[in-house]
Every structure is written in structure tokens, then in C-alpha cells.
Amino acid sequence: MAITRDDVDIQKIESIATGIRRRVLEHTLKNNGGYMSQACSAAEILGSVYGGMLDLGVLANPMQPSPFMGTPGIGGVNRTTGGIFHGEPSANRDRFIVSPAHYALVVYTALIETGRLAEGALDQFNKDGSTVEMIGAEHSPGFESTTGSLSQALSQGIGLSLARRMKGETGRNWVFMSDGEFQEGQTWEALQVATHYKLDTLRIIVDVNQTQCDGPMEDVLSIEPLADKVRAFGWDVHHVDGHDIDQIVSAGTKASSKPLAILCYTDPARGLPILNERYPVLHYLRFKSEQERNQYEAAYEEMTK
Amino acid sequence: MSYEIVARPHESNFIAWSADKPQVIVLTGDLTNSCEVGKWRDTYPERYFSMGMAEQNMLGVAAGLAREGFQPWLHTFSVFLYRRPLDQLEMAIAYPALPVRLVGFLPGITTPGGVTHQPIEDIAVLRAIPNMTVLEVGDATEVESVIDIAHAIDGPVYIRQLRGEVSRMFAKDEPMVFNQARQLSTGTDISLLTSGIMTEEALRALPLIASRGVSIDHLHVSTLKPFTDERVLASLSKVSKAVITMENHSIVGGLGSAVAEVMAENSIGTRLSRIGVQDTYAHGASQKYLMAELGLDARALVNRVEFAIGESLSISDAELSESRIVDVHSAAKAEAL
């Protein structure tokens, strides 16, 4: 069933978002590194995704991540999907695919916050033989596909949407994207094809944090005006404050006869202003000195008060 | 020597074959009629999807469909299946080992379309990709029967397919067999392994070579990956003078390289001679012209055999001249390319 705005508990999502930031910072401190700015920018987005905006399957209990069983092979060998953390797929429920796989840590913490992934799963993060990989792949919790090479998930979401349409399934198909992926040509191929096939079950939710590995996107390669471009490609585009849960959820629960895009403009230092000292190089946080580490520890203390 | 010429064997065969297989989907990239699936589209419009000139996306869409239980059969020119969208092929399809069928047309130098349209390194690239199965057809019977082979494999399959006017060298009731070469002659001097259209080309010269007393063990190879056929090892092991490979592809990474690997790993010390594109690109010209220019024709085979046995066979151009020349613009071709 399509979820409406009134079905969604905004306060619950707020608390999930806070938990995501806290857990990612805790993990970053423990491991002397992490994808911190992605948590700061996407906490409300992934909080909304897992906190009730999507109609995902219900899990009875949080699941433990399985160890890595081997790479997939011909004949269905080791064919697994981290989609099991989204519950049993069904005809009228939503599906969710993550495109920027380096958001894995943020996805894992969102799964933990929403009772899908066991507490303690992060102990296996980036450990040899574990599926809780640094850059998620289809065996990792929450991942249906292997999209570390960016901008490939939307096309797969189109295949998913076409397949479900042929099967008469009505659930929505969501793809979480990052704004950097709009530099890749494949994204625009996919946007065009989604419109051509009138895929009204397809929705993208984009973390427009305006930064990428090399720095601010406006310096590296500007993609603006993004909303106008995507709209010109035939999508129903909603430009929202990516930290305003009400705006995100209002857009995400709107009915539409077109493929729908929620462009969430975000601040990569939201909730952790100290990150701004590193601007514009925010892609990966590794402490440069003991002093810097202490500053982040103080920020963590503040966050957990 | 003359074979029955079959017009567009894939076109009607694939329509009939798909009738009782509702999971079979066709995706194309603006080369639908050129790849002989225009009538398929008109027959099964509900499971045909035009993806336009957007191959990177097309491969991802195929992956999404395959994950949901459908069997996508992508039809376009080979170069647009592996060369342009290689990362998508590897990450979206090959890594998860999804049952996506890549039906690639215009193998090697069979097109006058020039370098942009000539896949001369496709087998090399695709053999290096884990989980891929690589098949190449050599005649109309294989054009038809390769479909069943691909269908039976629960993983990604690349088919180096032929279109237009195709000879029927092999009887209709002798379909292609997975990972099993066809033994076309037995002999003890030279082991000759040919693939794709090169088999027919070799057969122009082989009766003449045999008439000079050279004993050739000839295998037609249609499964290029996996490459574990016992018939191949048996042939390589039993000849005294040379092993010759003949492929419509670069000598790097294709049939010749696969044979070299088998020989080295089995301590077979016979000299190997690889006929193929000699690590160069080609250009826009007719198949016959390019085969002569690049040393891929029956004359090239005669030369290699002569070198291997150390004597001239005195085979004249007139004797070799009986060849099948297909007019590029003949009625059976979908279009000029």
C-alpha cells in the first residue's frame, strides 16, 4: 500500500537520524576513520527511508550479518542479497536499492537504528571475511546490487520496475543516489528511459550534498541547475531541504503519474559543525592529529549528552 | 564446394523458439532490424523493450530484469555490448552471474563498417571476465542451436552471432554441442582449430591441402569459454608437425591464445601458428578484402601449412578461387552495415 504523509511519524525519524550520526561518529572514532560527512548529510534521508516513508517488509528481529560466502558463480552459486534486511519482497511492498555504495556505513547504522540489523554488526565493518564491507556490495546488509562503481543502480531500478510491472506488482521501487552520480552519462540515459516507459513506480531520493572526493562540486564539475535538468527529462521533481524530514516525507508520499525525484539539498557537516574545518575535502574523515581526534571526541560527548 | 545459403536464420528461429518461453525478453539499442529481431518485436510487443542508443543503461536494465526472474536477450552489434559498456557488463551482470544473454552481431571483420563496428578483441575481453560463457557460431545450424545452449546456462552468455545470408555447413539435425568441438577431419600432421566464419574459409583450402598428402586433424570450435574440451587436448596431443589456429579475431586473447594455454599447461611442445588479426585494428572494407589484407583467408592457411611442413604444396590461386562472396547489399542483409 502506498504510504501517505499521515502514516509517517516524523519524530521517530528525527531520532533515527540522530542515532545514525551518533553511531557513525562513534565508529569513526573507534576506527580512526570513516565516511562521516555522508552520515551528516544523509541521516534524515536514510532515516526517512527506513523510518516509515517506504513500505518495506517487516522483520521479526534484527538479523546478524552473514559471513562472506564467496563470489557469485554460474548456476546460482553464492547468489545472495542484502535485500533480505528489507524484509520479504511482496507484490505491493516497496523495494529499495542503494546506489552510492560508499554510504554503506550510513546504511548499516540506519538498519541498526530501525531494528533490521543486529547491534554489534559494525564490529565486523571492514573486517576480513565479513559482508559488512566498507563499500557495500550485494552480499552486504541493505544492498540488492553491487554499485560501488557509481551511477549504475538507477538502470537496475528501471529493470526492476519493468519486471514488476510485467508481473502486475504495484509496490514502488526506490533508488537512493548521490549528486555526484549526475556527472555520469549513464544517469541521464536512465532518466530518459524511465520517462519513456512512464515508470510511475520508480522514485529516486538524492543526497545533494554538493561535495565530492576532489572538493565542492561547483569546482570539480557543476551539475546545476539539477532540478531543472531532471524536470526537463520528464520527471516529477521535488527540491527539498534534506534535513527537514517533513519536506522529505511530504515529497516522498505524493502520488505521481511520473517517475519521481526528491532532490534533498544537504549540509555535509550537519550535526557536526567541526567537520567544516576540513571543508572542502570531506569525502573521508581520518584524523590528522591527536588534537583533532580529541575535538571529535568532545563533539561525540556533546552528541550523547 | 557449395552449401545451402539460409537467409536470416536467427530471425524466424528465435521467434518460434520464444513462443513457449514467456520469461524471454528482448532489449535492443536502436539496431532492432539490423539484428533480425524486428519481427520478434512485432510478434511479442509486450516483452520487447527499445532501449535506444544507451547501452550502459541497457545492460543495467537487463540486470534488473534478470534479478526478477526474466531472461533478457540483448540484441545489438557486438562492439556495443562489451566495448562501450564494459564496466556495466562486469558489475551489473557478470559479477552476480545473472542469466543475461548478449547476442552480438558483426563478428570481427565481417562488416565494412570499419574499426568502430569491428569487434576484434571481444573474445579476449570476455574470456577474461569471470562467470562469462563465450560462444561463437559458424553456420546456420549453429545460429539456430546456440540459443538452446545459452538458455541452459544459469549465468551470463555472450554469443558471437551471424546474420543475413549464412551457409549451412552442418546438418540441421547436428546441433551445436556445448564445450564440444566438431571433428571435421582426422589426421596426424597438423591440428587445425578454426572458429566462426573461419571454418568455412578453411574448408576452401583443406581438400586441396589433403590432396597434397598433408594429414590434418580439423576441429571447429564454438565454445571459447570454458575451454576444457577433451577433443581439443586430444587433437593437440596427437599431431607431429604443427598446431594452427584460425580465428576472425585478434591473435591476442582469443582461440589462438586459449589453445596456447592448453598446450603450455599440458607440456605439448608442438609449434603453434596463429592465424588471426595480428594485433592491429582493421578498417572499412569488404570482408573478402580484409581477409586477404590481414592474412585471414584460405591462402593464409595454405602458407602456414607449407611453412609447417617445410615444402610447397603448389596450390594455385585459381584452385582457391572458388569462394562464396556475399554481396554486402544483397536482399538478405538487413541494411548496408
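Anything mentioned here points back to the structure above.
Reference entry: report on the structure contained in this document. Computed from a predicted structure; not experimentally measured.

## Side note on the interface of chain A and chain B
The extent of an interface is frequently quoted as the accessible surface area lost upon association of the parts.
Thought 1: The interface of chain A with chain B comprises 25 residues on the first partner and 25 residues on the second.
Thought 2: Elements represented by at least two residues in the side of chain A that touches chain B include exactly helix H4 (153–166) and helix H5 (185–196) of chain A.
Thought 3: If you tally residues by element for the side of chain A that touches chain B, the top one is H4(A), at 9 residues.
Thought 4: When grouped by side-chain class, the residues that make up the side of chain A that touches chain B number 8 nonpolar, 13 polar and 4 charged.

## With respect to the sheet that holds strand S1 (residues 95–98) of chain A
All names here are of chain A.
Thought 1: Spatially, S1-S2-S3-S7-S6 is the arrangement adopted by the 5 strands of the open sheet, whose pairing is parallel. Edge positions in the open sheet fall to S1 and strand S6 (236–241), since each of these has one partner strand only. When strand polarity is set aside, the average angle formed by the axes of neighbouring strands in this sheet is 20 degrees.
Thought 2: Looking at chain direction, S6 and strand S7 (residues 260–265) are connected through 6 bridges and run parallel. Following the sheet pairing, valine 240 is matched in S7 by cysteine 264.
Thought 3: Relative to the sheet, H4 contacts S1, strand S2 (173–178) and strand S3 (202–208), its axis offset from that of S2 by approximately 175 degrees.
Thought 4: Set on the sheet, helix H8 (residues 245–252) makes contact with S3, S6 and S7; between it and S6 the angle comes to about 170 degrees.

## Focus: helix H3 (residues 104–113) of chain A
Residues and elements named next belong to chain A.
Thought 1: By the criterion of burial, H3 is predominantly enclosed, with 10 of the 10 residues buried.
Thought 2: What H3 keeps buried is the set Ala104, Leu105, Val106, Val107, Tyr108, Thr109, Ala110, Leu111, Ile112 and Glu113.
Thought 3: Where H3 is buried, its residues meet helix H1 (10–31), helix H2 (36–53) and S1.
Thought 4: Just downstream of H3, glycine 115 is the residue with a positive phi angle, here 70 degrees.

## Considering the environment of Thr266(A)
Thought 1: Examined against the element boundaries, Thr266(A) turns out to sit in the loop between S7 and helix H9 (290–303).
Thought 2: Distance in space between the C-alpha atoms of Thr266(A) and Asp6(A) is 24 Å, their sequence separation being 260 residues.

## Overview of the sheet that holds strand S14 (residues 272–277) of chain B
Residues and elements named next belong to chain B.
Thought 1: Read from one edge to the other, the open sheet built from 5 strands follows the order S9-S11-S10-S13-S14, with strand pairing classed as mixed. Two strands bound the open sheet, and with one partner strand each, they are strand S9 (182–185) and S14. The mean angle between the axes of side-by-side strands here comes to 20 degrees, regardless of whether they run parallel or antiparallel.
Thought 2: For strand S10 (residues 190–195) and strand S11 (residues 216–221), the ladder comprises 6 bridges, and the chain directions are parallel. Residue threonine 194 lies in a different strand from S11, and its bridge partner there is histidine 220.
Thought 3: Packed on one face of the sheet, helix H10 (residues 255–265) meets S10, S11, strand S13 (242–250) and S14 and runs near 145 degrees to S13.
Thought 4: Contacts between helix H12 (residues 298–309) and the sheet are confined to S10, S13 and S14, with S14 contributing the most and set at about 165 degrees to the helix.

Cut-offs and rules
Residues numbered from 1 in each chain as written. Chains lettered and ligands numbered in written order. Predicted model: local features only at pLDDT ≥ 70, side-chain atom pairs only at ≥ 80, totals over all residues. Contact = placed C-beta atoms within 7 Å. Helix = DSSP H or I, 4+ residues; strand = E, 2+ residues; numbered from the N terminus. Nonpolar A, V, L, I, M, F, W, Y, C, P; charged D, E, K, R; others polar. Pairing = 2+ DSSP bridges. Axes fitted to C-alpha atoms, helices over the stretch in contact; angles between N-to-C directions. Buried ≥ 20, exposed ≤ 12 C-beta atoms within 10 Å, placed from the backbone.

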